[in-house]
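Each chain is listed here by its residues.
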Amino acid sequence: MDPQTVERQIELPAPPGTVWQALTRGEELSAWFGARVELDPRPGGTATFRFSDGRQRDARVEVFDPQRQLLLRWLPFERRVDGATAVPAGHMRFVLEPRGDHTLLAVTETLFSEERVMTSAGPRRGHRYD
């Protein structure tokens, strides 16, 4: 199965520095992501997304190019109140492009098929991550 990809672009009335802060400060990212976000903004840093229904999804910072690009790799499982379950791994890429005093923000989220998750990321069916 091919990866599932969603791409969006928006021109924001703010310079790249302001947009970058909104992407790399957990409290600001939380405001529009729909989850409480804790982010260690550096290459290899971690991110935790806690949703109001009790789900938690973790990610790792793979690309950190200030005011240009941020790539978060979703880890291939999700914690729930009743344990953990395998979900498609993937990544979320944010690319900023200056447009005068505005910024074009491109967001691409790619989720990989479960088959790829099981073979490349390692989790096995029925394995619990607590």
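This write-up is about the structure you can find in this document. Computed from a predicted structure; not experimentally measured. (Residues numbered from 1 in each chain as written. Predicted model: local features only at pLDDT ≥ 70, side-chain atom pairs only at ≥ 80, totals over all residues. Heavy atoms only, no water.)

1. What about helix α1 (residues 16-24)?
1) Next: All of the buried residues along α1 are Pro16, Val19, Trp20, Leu23 and Thr24. Taken around the axis of α1, the buried residues stretch over an arc of 125°, which confines them to a single face. (Buried < 20%, exposed > 50% of the residue type's maximum accessible area, 1.4 Å probe, protein only. Helix = DSSP H or I, 4+ residues; strand = E, 2+ residues; numbered from the N terminus. Arc of directions from axis to C-beta.)

2. Comments concerning the pairing of strand β2 (residues 36-39)
Every other side chain in a regular strand lies on the same face of the sheet, so the side chains alternate between the two faces.
1) Next: The alternating pattern of β2 places Val37 and Leu39 on a buried face and Arg36 and Glu38 on a face that is not buried.
2) Next: For β2 and strand β3 (residues 46-50), the ladder comprises four bridges, and the chain directions are antiparallel. Directly across from Arg36, in β3, lies its bridge partner Arg50.
3) Next: The turn linking β2 back onto β3 is made up of six residues, and Gly44 within it adopts a positive phi angle of 85°. (Pairing = 2+ DSSP bridges.)

Nothing here speaks to function; it is geometry throughout.
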